[in-house]
Amino acid sequence: AITMTKGTTFNTSIGQVNYNYITNEDITTTPTDGVYKFSNVTLYEGTAVSFQYTVDSSDVDQKFIIPNEQADTSTLNVIVQNSSSDTTQQTYTKSQTLTELNSTSKVYFLQETADGRFEVYFGDGVLGKALEDGNIIILEYIVTNMNESNGASSFTLDGTVGGFTDVTIATVSNSQGGSLAQSNNSIRFNAPLQFQSQNRAVTVKDYETLTKQFYPNALSISAYGGEDAETPVYGKVFIGIVPQSGATLTETTKLNIVNNLKKFNLASVTPE
């Protein structure tokens, strides 16, 4: 077996400007007829960055800020190391709901600060595990150029994969999803809807709000129940999306949105 390591770099260009794309996880495969094939590899535009904080409870103003305004928080990996002398590390996951948390839940929370950057914070020992003095917080993420390289379709390997340089790359779907920060007006409009949905998909508005969360590159979203279709299709909800870049969504993007929605919708309803 060989492994395509996290951070493996690929190159592309848009309008004579070069961009780097990287992997955000280790991917391992075994050969078939002497060929190593990696399938459905997701690449992220940007540069990998790591930043550290040491927990100090005596500093009442201590905050764990992601210093880069163009950080792609969907790629954020939060690791807590016990101390500088004890290198034991644990990966924390982003909390999606409070109902399943207890005092030992290894979760973090994310919120935007007044200057447009993001702050990571942790539990208090009741809802989520509390940090201890001396803990080292490691923030790993990708700093991106946002929407500048949307549409990239041709990629070349920069370096090697498992020591090999003889690599053929087939692009399944062009680069998409990069977008500018959400505007204040958009936040004012969407925040009440997001609060109203309460992390569940029951009404068509819930589906529109959650889809916007999973696919921020959407210019417009409309959803309707299958019972309202010209030919009624019960047990389905149909979602239409106009992307900000490109004319249509790829099948891969559609599948990702549907899979994300399935975590929130009723068992008897199928999003399409």
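These numbers were taken from a predicted model, which means no experiment stands behind them.

We now examine the packing of helix H2 (residues 204-214) against helix H3 (residues 251-261). Where H2 meets H3, the closest approach of the two axes is 10 Å, and the angle between their N-to-C directions is 125°. Of the possible angle classes, the one that applies to H2 and H3 is oblique. Like other packed secondary-structure pairs, H2 and H3 cross with a definite hand, here right-handed. Across the interface between the two elements, Tyr207, Leu210, Thr211 and Phe214 of H2 pack against Ile257, Asn260 and Leu261 of H3. Among the residues forming the contact of H2 with H3, the class breakdown is five nonpolar, two polar and no charged.

This next bit is on the pattern of salt bridges. The final tally for this structure, using the stated rule, is five salt bridges. With a closest N to O distance of 3.2 Å, Lys6 and Glu140 form a salt bridge. Taken together, the positions of Lys6 in the loop between strand S1 (2-4) and strand S2 (9-14) and Glu140 in strand S14 (residues 136-143) put the pair 134 residues apart, joining distant regions of the chain. Glu140 gets classed as partly exposed once you look at its relative accessible area, which sits at 24%.

Turning our attention to unusual backbone geometry. A positive phi angle, close to 65°, is found at Gln16, a residue other than glycine. Note that Gln16 resides in the loop between S2 and strand S3 (17-22). Residue classification places Gln16 among the exposed residues on the basis of a relative accessible area of 81%. You will see that Asp33, though not glycine, has its phi angle at about 55°, which is positive. Positionally, Asp33 belongs in the loop between strand S5 (31-32) and strand S6 (35-36).

Our next topic: the sheet that holds S3. Spatially, S7-S3-S2-S15 is the arrangement adopted by the four strands of the open sheet, whose pairing is antiparallel. Every interior strand has two partners, whereas the edge strands, strand S7 (44-45) and strand S15 (156-158), have only one. Note: S2 against S15, three bridges, orientation antiparallel. From the neighbouring strand, Phe10 faces S15, where its bridge partner is Leu157.

A word on the pairing of S2. Relative to S3, S2 is paired through six bridges, and the arrangement is antiparallel. Bridge pairing links Ser13 to Asn18 in S3. Joining the antiparallel neighbours S2 and S3 is a turn of two residues, in which Gly15 adopts a positive phi near 55°.

With that settled, consider the nonpolar core. Ile66, Leu76, Val78, Val120, Phe122 and Leu139 are the most contacted members of the largest nonpolar core, which has 18 residues in total. If you list the elements that add at least two residues to this core, you get strand S9 (64-66), strand S10 (71-81), strand S12 (107-112), strand S13 (118-122) and S14. Once residues lying within four places of it in the same chain are set aside, the contact partners of Val78 are Gln90, Thr91, Tyr92, Tyr108, Val120, Phe122, Ile138 and Leu139. Ranked by size, the runner-up nonpolar core spans 13 residues in total, among them Ile221, Ile239, Leu249 and Ile257.

Thresholds, definitions, all that
- Residues numbered from 1 in each chain as written.
- Predicted model: local features only at pLDDT ≥ 70, side-chain atom pairs only at ≥ 80, totals over all residues.
- Heavy atoms only, no water.
- Axes fitted to C-alpha atoms, helices over the stretch in contact; angles between N-to-C directions.
- Helix = DSSP H or I, 4+ residues; strand = E, 2+ residues; numbered from the N terminus.
- Parallel < 35°, antiparallel > 145°, perpendicular 65-115°, else oblique.
- Left-handed = near helix turned anticlockwise from the far one by under 90°.
- Contact = heavy atoms within 4.5 Å.
- Nonpolar A, V, L, I, M, F, W, Y, C, P; charged D, E, K, R; others polar.
- Salt bridge = Lys/Arg side-chain N within 4 Å of Asp/Glu carboxyl O.
- Buried < 20%, exposed > 50% of the residue type's maximum accessible area, 1.4 Å probe, protein only.
- Pairing = 2+ DSSP bridges.
- Core = buried A, V, L, I, M, F, W, Y, C linked by side-chain atoms within 4.5 Å.

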